[in-house]
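Reading the structure
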Amino acid sequence: MKKRLSSCGLLCIVLAFAATVSAAPAAASDAAGDKALHYPLTMAKMHAFYEAQLNIMKAAFASKDPKLVDSMSMDADASFDETVAKFEKQPAIKKAIEQAGLTTAEYVSITDAYMGAAFGAAYVKMKPDAPLPKVYDRHNIDFFKTHEKDLKAMQKEFMGKIQQLSAEAGGDEAGG
């Protein structure tokens with residue numbers, strides 16, 4: 001019996017993917033992960049990041065393999081190197097990331113830095129007079145705040161493309 005994903009199932013996949021990516025800063029408890037949190041963000045890197053995410057979702061639709069969706073998550077308890085190795089072992093994910101012009105290590109670094117910047121910006125907003133914890137990178141927080149409107153637009157565009165992929169895959173029966 002073929003497994004089919006409903007639109008709700010697809011939305012759950014996208015939301016789960018976003019949630020697991022959002023947990024990425026917690027994964028940075030090792031030296032490489034700490035360095036990734038301070039990986040300098042640029043708009044060019046953010047464009048490549050969203051392109052890689054779209055490529056990964058396209059691969060998930062094309063594979064029709066529910067296990068690929070599970071392999072896309074970033075475990076908050078895994079080290080940076082374990083996360084990179086996990087993606088390296090998944091040919092479809094590795095290829096999707098490389099097609100965006102990134103290595104898997106760069107993709108994980110951008111993910112960690114981006115989420116760290118978002119959390120850091122929220123921290124600074126809540127506690128403007130408090131010292132900035134080492135886990136947050138001032139440059140990336142400033143980058144995030146400066147480009148927040150553009151980053152939200154990129155995220156909105158990404159979500160629109162995912163909806164389009166769903167519709168092209170058969171609407172309520174994406175991935176099946």
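Scroll up a little and you will see the structure.
Residues numbered from 1 in each chain as written. Predicted model: local features only at pLDDT ≥ 70, side-chain atom pairs only at ≥ 80, totals over all residues. Heavy atoms only, no water.

Focus on the overall build of the chain
If you tally the helices and strands in the chain, you get 10 helices and zero strands. Helices and strands in the chain line up, N terminus first, as α-α-α-α-α-α-α-α-α-α. When burial is assessed residue by residue, the chain has 43% of its 176 residues classed as buried. Taking the intrachain contacts of the chain between residues at least 6 apart in sequence as the baseline, contacts between residues at least 24 apart amount to 73%. Summed over its atoms, the accessible surface of the chain is roughly 9500 Å², and 58% of this surface lies on carbon and sulfur atoms. (Helix = DSSP H or I, 4+ residues; strand = E, 2+ residues; numbered from the N terminus. Buried < 20%, exposed > 50% of the residue type's maximum accessible area, 1.4 Å probe, protein only. Contact = heavy atoms within 4.5 Å. Areas by Shrake-Rupley, 256 points an atom, 1.4 Å probe, with all protein chains shown as cover.)

Quick notes on the side chain of Asp137
Its place among the elements puts Asp137 in the loop between α8 (104-126) and α9 (138-146). With no salt bridge to any partner, buried Asp137 finds its closest opposite charge in Arg138, at an N-O distance of 8.1 Å. Here His38 takes part through its side chain, which lies 2.9 Å from a polar atom of the side chain of Asp137. Filtering out sequence-adjacent residues up to four positions away, Asp137 remains in contact with Leu37 and His38. (Lys, Arg positive; Asp, Glu negative; His and termini not counted. Salt bridge = Lys/Arg side-chain N within 4 Å of Asp/Glu carboxyl O. Polar contact = N/O pair within 3.5 Å; in protein donor to acceptor, adjacent residues only side chain to side chain.)

Looking at the packing of helix α4 (residues 43-63) against helix α7 (residues 91-99)
Running from N to C, α4 and α7 cross one another at 145°; their axes reach a closest spacing of 8 Å. Here the hand of the crossing between α4 and α7 comes out right-handed. From α4, Glu51, Ala52, Asn55, Ile56 and Ala59 reach across to α7, where they touch Ala92, Ile93, Ala96, Ile97 and Gln99. Here the residues of the contact of α4 with α7 sort into seven nonpolar, two polar and one charged. (Axes fitted to C-alpha atoms, helices over the stretch in contact; angles between N-to-C directions. Left-handed = near helix turned anticlockwise from the far one by under 90°. Nonpolar A, V, L, I, M, F, W, Y, C, P; charged D, E, K, R; others polar.)

Points about the nonpolar core
Among the nonpolar cores identified, the biggest contains 44 residues, and Leu41, Met46, Ile97, Tyr107, Tyr114 and Leu151 are the most heavily contacted of them. Those elements that place two or more of their residues in this core are α4, α6 (80-88), α7, α8, α9 and α10 (148-168). With 12 residues, the single largest contributor to this core is α4. Not counting the four nearest positions on each side in its chain, Met46 is found in contact with Leu41, Ile110, Tyr114, Phe143, Leu151 and Met154. (Core = buried A, V, L, I, M, F, W, Y, C linked by side-chain atoms within 4.5 Å.)

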